[in-house]
Amino acid sequence: MKFSKRSNNAVSSKGKQSWHYLKAAQSRRSSIFTLSSFFRRFKGYLKYGFAIVSIFCLTYFFKNFVFQVTPSADIENVSQLTYLKKVLFQTDGVLDESWLSRVAPLNRKMKLMEINIFEIKARIESYDQIIQAKVSREFPDTLKINLKESKPIFKLNTKVNETSSVLKLVSLTGDVYEGEGYSIEYIKSLPYLIPYQHPNKKYLPIKGLEVVTPLLDLIDNSNLKDRIPIIAVSLKSFSADPDFPGQIIEFKSSKIPRILFSAYHDFYVQIDRLNHILSYLNGLGNPDIERIDLSLKGSAAVQLKNGKIDLF
């Protein structure tokens, strides 16, 4: 079989049809910059960058949290920071650090995380003088203790037996507790409370002090404080039951033995009437008074020690 001879006019391997020319042309076309070609290239680089960052993060994680590669000196310093160095103690009352050291013994040999803050809170709140205690850790080396204390408004003689009694304090909410941290002068300034006796002959719980306190404040904040210094408040006729009629709050003063207030009448009206009576008696030379009864509706009665009774 014979094949046709190759034509000398063919230029398949040279000129514009050569492989070298076609490759060069293709290379020039691919080098043209477009936005889509930029993003295609950026995606490729992003994969490599993400792989490098992932390797770095894994290395950091294993080093610091799994293998915990830490120099021995640094470990010792961290250990030292965990010991208790400071106790920040704050209260809105009168208790101090010496009281706290008796209730919750703390020292620098204790590690902060080993201190049972719930047990300390329970110990502190077991004292009737404490309304609330907050105990918390403040890293790296501090314990914080904040107290809210009861504020006494009366003192109370409680019988231990037939011959002896113990002085205790009474808060606004009627809680009776042994006060600690108060000065002798402060306790002397508090009036005595004579509580109401319940049918079972017990005086606890003490009720109605939220009614008594505003009246006591009115006297303290007026010019009556010096004219009739209050030494005791009697609740013998005050059960704190608003549905029970004729309830009396009785004040005992160093100058007037008995001053009777109606528990559920307007205190401002009764205080104004008392001021008027005292001014009138002052004009008479301040005769000795046995009792002033302000509980009468629309009037008041004054009984002098000589037996004379006047109505106002």
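Anything mentioned here points back to the structure above.
Residues numbered from 1 in each chain as written. Predicted model: local features only at pLDDT ≥ 70, side-chain atom pairs only at ≥ 80, totals over all residues. Heavy atoms only, no water.

Turning to the environment of Leu 84, a few remarks are in order. Mapped onto the secondary structure, Leu 84 falls in the loop between α3 (72–81) and β1 (86–91). With 59 residues separating them along the chain, Leu 84 and Leu 143 place their C-alpha atoms 7.3 Å apart. Other than its neighbours up to four places away in sequence, Leu 84 contacts Leu 106, Asn 107, Arg 108, Met 110, Leu 112, Ile 115, Asp 141, Thr 142 and Leu 143. (Helix = DSSP H or I, 4+ residues; strand = E, 2+ residues; numbered from the N terminus. Contact = heavy atoms within 4.5 Å.)

Moving on: unusual backbone geometry. Negative phi is the rule for most residues except glycine; trans is the rule for most peptide bonds. Residue Pro 140 follows Phe 139 across a cis peptide bond; omega there is 15°. Leu 204 connects to Pro 205 through a cis peptide bond whose omega is 0°. Inspection of the secondary structure assignment puts Pro 205 in the loop between β7 (192–194) and α7 (209–220). Positive phi is not limited to glycine here, since Asn 286 has a value of about 55°. Within the fold, Asn 286 resides in the loop between α9 (267–283) and β11 (289–293).

A word on empty space enclosed by the protein. By rolling a water-sized probe across the atoms, one finds the places where empty space is left. One pass over the structure, following the stated rule, counts one cavity of 30 Å³ or more. In this structure, the largest cavity spans a volume of roughly 70 Å³. Contributing to the lining of the largest cavity are Pro 195, Tyr 196, His 198, Tyr 203, Pro 205, Ile 206, Lys 207, Leu 235, Phe 238 and Ser 239. Of the residues assigned to the lining of the largest cavity, the class counts are seven nonpolar, two polar and one charged. (1 Å grid on protein atoms, 1.4 Å probe; cavity = no way out; pocket = protein on both sides within 12 Å on 5 of 7 lines; lining within 4 Å. Points joined across faces, edges and corners; volume = space filled by probe spheres on them. Nonpolar A, V, L, I, M, F, W, Y, C, P; charged D, E, K, R; others polar.)

A separate point is the nonpolar core. By size, the foremost hydrophobic cluster in this structure holds 38 residues, and its most contacted members are Phe 154, Ile 249, Phe 251, Phe 261, Leu 274 and Ile 292. Listed by contribution, the elements that provide at least two residues to this core are β4 (152–159), α7, β8 (230–234), β9 (248–253), β10 (258–262), α9, β11 and β12 (301–304). Residue contributions to this core peak at seven residues, all from α7. Not counting residues up to four positions away in its chain, the partners in contact with Phe 261 are Leu 215, Ile 219, Gln 247, Ile 248, Ile 249, Phe 251, Gln 270, Ile 271, Leu 274, Leu 294 and Ser 295. By size, the runner-up hydrophobic cluster in this structure holds 18 residues, among which are Leu 100, Ala 104, Leu 143 and Ile 145. (Core = buried A, V, L, I, M, F, W, Y, C linked by side-chain atoms within 4.5 Å. Buried < 20%, exposed > 50% of the residue type's maximum accessible area, 1.4 Å probe, protein only.)

Another aspect to go through is the layout of surface pockets. Looking at the largest pocket, its volume works out to about 470 Å³. If you go around the largest pocket, you meet 19 residues; those closest to its centre are Ser 189, Leu 190, Pro 191, Leu 216 and Asp 220. Among the elements of the structure, β4, α6 (184–189), α7 and β8 are those that each provide at least two residues to the lining of the largest pocket. Top element by residues in the lining of the largest pocket is α7. It accounts for five residues.

Along the chain, the position of Gln 303 falls in strand β12. Given a relative accessible area of 24%, Gln 303 falls into the partly exposed group. Measuring from C-alpha to C-alpha, the distance between Gln 303 and Glu 290 comes to 5.5 Å, with 13 residues separating the pair along the chain.

Before going further, it helps to examine the sheet that holds strand β3 (residues 142–149). Pairing is mixed across the open sheet formed by three strands, whose spatial order is β1-β3-β2. This sheet does not close on itself; its edge strands, each paired only once, are β1 and β2 (130–138). Going from strand to strand, the sheet's axes swing by 15° on average, the running direction of each strand aside. Relative to β3, β2 runs antiparallel, the two being bridged by eight bridges. In the sheet register, Ile 130 faces β3, and the bridge partner there is Glu 149. (Pairing = 2+ DSSP bridges. Axes fitted to C-alpha atoms, helices over the stretch in contact; angles between N-to-C directions.)

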